[in-house]
Structure formats: C-alpha cells, structure tokens
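Results of the structural survey
Here is what each chain is made of, one letter per residue.
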Amino acid sequence: YNARHATLLADYQSVTIGGDTRDSRRLAVQGSVAAVGGEVMLSRPINDAFALVKVDGLEGVNIYQSGQFSGKTDSKGRLLIPTLGSYVHNQISVDNRDVPLNFELRRFTRLTSPALRAGAVLDFEARRIQAVYGTLNIRIDGQATPVRYGEISLQIDGEHVRHPVGQTGEFFIEDLEPSAYSLSYVGPTGSCSVLLEVPESEDTIVEIGNLLCTPD
C-alpha cells in the first residue's frame, strides 16, 4: 500500500508439509527521508530522482506527474513526488480546478530533469487576487464631499502608483498588500492627502469605506 509518507507491505503464507501446517506473516515499512529546498520531508522509497512541489499554502490541490495522479498538497501547500526519472523531462502539473477563484498561478505545468538521487523544487507561485475598494471625500466648507474624477497616487516601495477616481469618489486598487500607504489626490475637486490603511483580510475585495482627505 502506497501511503503518503511510506510504502506498507503485508504478506501471509500457509504451508502444509507432511500434515504439519506452518503459517508465516510479514509486515514491512519502506520509506525515505528527503532534504530539498531547505526542508526535510518523509516520503515513499526514492529509487531515482524526486521533486518538492509548492503551491504556496494551498491545501488539497491535486498534482500530476505526466498526467498520472501523484497526490494532494498538504496544509502548507507542499507535495513530495518520489518517482521522477533522472536526466529526462518530467512533466509536473497542477489541476487548475483545485485552485480557489481568488488565487492565480503563473503557470500550471512545469518540466524538470533532476540528476540521479537529486531533487528539484517546483514552485508554482500561487498569488492571492485581492483588491481594495473605497470612496474618497474631501472637506469643503466644513462638509465631507466626494471628490469627482481625477486620480489618486500611492507611494509603494518608493514609487508613485496612480489610479483613476470615479464620479462619486470611488477608487479600486488591485494587488495592494496589507500596510499603510500615503495617498494623495489631484483632480477637479482640488488636491488633498490621507493615510490609507489596508487591513489583513481573506476577502477578495477589501472594502475600506469612506476616507476623509485633508486639503493641501
């Protein structure tokens, strides 16, 4: 029986000689310990080459080797495949039906040709798809008024990234990591600035709500 981390063997024999019956039972466990990509993992016996597949924390993703099912990723999004051939192309693929809608992969199939007794790390680089939605207001004559059109600018990693603003101050920003950002607005309504705080969230769209911008 091929378990996830070992191969289990069981054997039973009954032999009768001269009216004397003898029963024998044998149980065996075979496995390997593999060190690859800075990790040490248990595996079924490795007779040639192997690969550590990573799908960035996504559990239960089906992984295939040359079209044949190899296993599912664990709670950390990993699967060790112990049956690769050395010095030949091994096709490893991910079943895209198992990837949640709020994640995307850079690729679904990879080729690898490790050396004999060597391991490869195949990172499919799963990335969460997430966007921030909110409404920007500016204080005019003591009243909070939605800005109209124009654009907002955020400072991300030392660079200014610009996004358009809608008719009633709504903005939509994709791929914004949880953090605090300095946001500035320039448009027909004037110019202002505010601190945009993006919280940790599992939601695909993170609703920030109304932001009150301070006029420059």
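No experiment lies behind these values; they were computed from the predicted model shown.

1. Quick look at the side chain of Arg78
Within the secondary structure layout, Arg78 lies in strand S8 (residues 78-84). At 2.2 Å, the side chain of Arg78 and the side chain of Glu39 are in polar contact.

2. Some details on the sheet that holds strand S7 (residues 68-72)
Taken together, four strands build an open sheet; the order of strands is S7-S6-S9-S11 and the sheet is antiparallel. Whereas interior strands pair on both sides, the edge strands pair on one side only; in this sheet they are S7 and strand S11 (109-112). Across the sheet, the axes of successive neighbouring strands diverge by a mean angle of 25°, strand direction being ignored. Pairing geometry for strand S9 (residues 90-94) and S11, over four bridges, is antiparallel. Bridging from a neighbouring strand, Asn90 pairs with Thr112 of S11.

3. Description of the pattern of salt bridges
Scanning the entire structure with this criterion turns up nine salt bridges. Ionic pairing is found between Asp95 and Arg97, a salt bridge with its closest N-O pair at 2.9 Å. The buried category is assigned to Asp95, whose relative accessible area is 9%. We classify Arg97 as exposed; its relative accessible area is 70%. One salt-bridge network, held together by shared partners, links Glu39, Lys54, Asp74 and Arg78.

4. Some thoughts on the pairing of strand S15 (residues 143-146)
In terms of strand pairing, strand S14 (residues 131-140) meets S15 through four bridges, oriented antiparallel. Residue pairing for S15: Ile138 is matched across the bridge by Thr145. Between the end of S14 and the start of S15, which pair antiparallel, lie two residues, with Asp141 showing a positive phi angle near 55°.

5. Quick notes on the nonpolar core
Core analysis: the biggest nonpolar cluster contains 20 residues, and Leu136, Ile152, Leu154, Leu176 and Leu196 have the highest contact counts within it. Breaking this core down by element, the ones donating at least two residues are S14, strand S16 (151-156), strand S18 (170-174), strand S19 (179-187), strand S20 (190-198) and strand S21 (205-215). With four residues, the top contributor of residues to this core is S20. For Leu136, the residues in contact, after removing those within four places along its chain, are Thr145, Pro146, Val147, Ile152, Gly169, Phe171, Leu183, Tyr185, Val194, Leu211 and Cys213. In terms of nonpolar packing, the next biggest core, distinct from the first, is built from 19 residues, Ile92, Leu122, Phe124 and Ala126 among them.

6. Focus: the sheet that holds strand S5 (residues 49-54)
Hydrogen bonding along the main chain pairs the strands of a sheet, whether they run parallel or antiparallel. The strand order across the open sheet formed by three strands is S8-S5-S12, and the pairing between neighbours is mixed. Looking at which strands have only one partner, the edges of the open sheet turn out to be S8 and strand S12 (119-123). Across the sheet, the mean angle separating the axes of adjacent strands is 20° when strand polarity is ignored. Of the strand pairs in this sheet, S5 and S12 are connected by five bridges, and their pairing is parallel. If you follow Leu52 over to S12, its bridge partner there is Val121.

7. Looking at a nonpolar patch on the surface
Together, Val33, Val40 and Leu42 line one region of the surface with nonpolar side chains, adding up to about 320 Å² of accessible area. Counting through the fold element by element, Val40 comes out in strand S4 (residues 39-43). Overall, the relative accessible area of 64% leaves Val40 in the exposed class.

8. Considerations on unusual backbone geometry
Phi at Asp157 is positive, roughly 50°, even though this residue is not glycine. With respect to the helices and strands, the residue Asp157 is situated in the loop between S16 and strand S17 (159-164). With a relative accessible area of 78%, Asp157 lands in the exposed category. Phi is positive for Asp175, close to 55°, though the residue is something other than glycine. Position of Asp175 relative to the elements: it lies in the loop between S18 and S19.

Each value, and the rule that gives it
Residues numbered from 1 in each chain as written. Predicted model: local features only at pLDDT ≥ 70, side-chain atom pairs only at ≥ 80, totals over all residues. Heavy atoms only, no water. Helix = DSSP H or I, 4+ residues; strand = E, 2+ residues; numbered from the N terminus. Polar contact = N/O pair within 3.5 Å; in protein donor to acceptor, adjacent residues only side chain to side chain. Pairing = 2+ DSSP bridges. Axes fitted to C-alpha atoms, helices over the stretch in contact; angles between N-to-C directions. Salt bridge = Lys/Arg side-chain N within 4 Å of Asp/Glu carboxyl O. Buried < 20%, exposed > 50% of the residue type's maximum accessible area, 1.4 Å probe, protein only. Core = buried A, V, L, I, M, F, W, Y, C linked by side-chain atoms within 4.5 Å. Contact = heavy atoms within 4.5 Å. Patch = residues over 30% accessible without salt bridge, like charges linked within 9 Å, V, L, I, M, F, W, Y side chains within 5 Å. Areas by Shrake-Rupley, 256 points an atom, 1.4 Å probe, with all protein chains shown as cover.

Scope: geometric values only; no functional claims are made or implied.
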